[in-house]
Amino acid sequence: MELKSVIVKFLNTRLQKEIDHLWEEGTLTEQKVAGWSDEHMRTTYK
């Protein structure tokens, strides 16, 4: 459990840094994030 916790914290920190970077360069915006709530991202199965 301790190893899992360390890995989760590491990945969370890494992800947050990348999100901050994208936000600062303008790639990620409030409009883009808000648009995700309307997306249908399910895989169609035949």
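Up top you'll find the structure we're talking about.
What counts as what
- Residues numbered from 1 in each chain as written.
- Predicted model: local features only at pLDDT ≥ 70, side-chain atom pairs only at ≥ 80, totals over all residues.
- Heavy atoms only, no water.
- Helix = DSSP H or I, 4+ residues; strand = E, 2+ residues; numbered from the N terminus.
- Buried < 20%, exposed > 50% of the residue type's maximum accessible area, 1.4 Å probe, protein only.
- Areas by Shrake-Rupley, 256 points an atom, 1.4 Å probe, with all protein chains shown as cover.
- Patch = residues over 30% accessible without salt bridge, like charges linked within 9 Å, V, L, I, M, F, W, Y side chains within 5 Å.
- Salt bridge = Lys/Arg side-chain N within 4 Å of Asp/Glu carboxyl O.
- Lys, Arg positive; Asp, Glu negative; His and termini not counted.
- Charge placed at Lys NZ, Arg CZ, Asp CG, Glu CD.

Asker: Would you mind going over the overall build of the protein with me for this structure?
Answerer: Within the protein, the secondary structure is distributed over two helices and zero strands. By principal-axis analysis of the C-alpha atoms, the protein measures approximately 40 × 40 × 15 Å. Here the protein, with 46 residues, has 2% of them falling under the buried criterion. Total accessible area on the protein stands at roughly 4,900 Å², and carbon and sulfur atoms take up 58% of it.

Asker: I would appreciate a short explanation of a negative patch on the surface in the present structure.
Answerer: Taken together, the side chains of Glu18, Asp20, Glu24 and Glu25 define an acidic patch exposed on the protein surface. Tracing the backbone through its elements, the reader meets Glu25 in helix 1 (residues 2-25). The partly exposed category is assigned to Glu25, whose relative accessible area is 47%.

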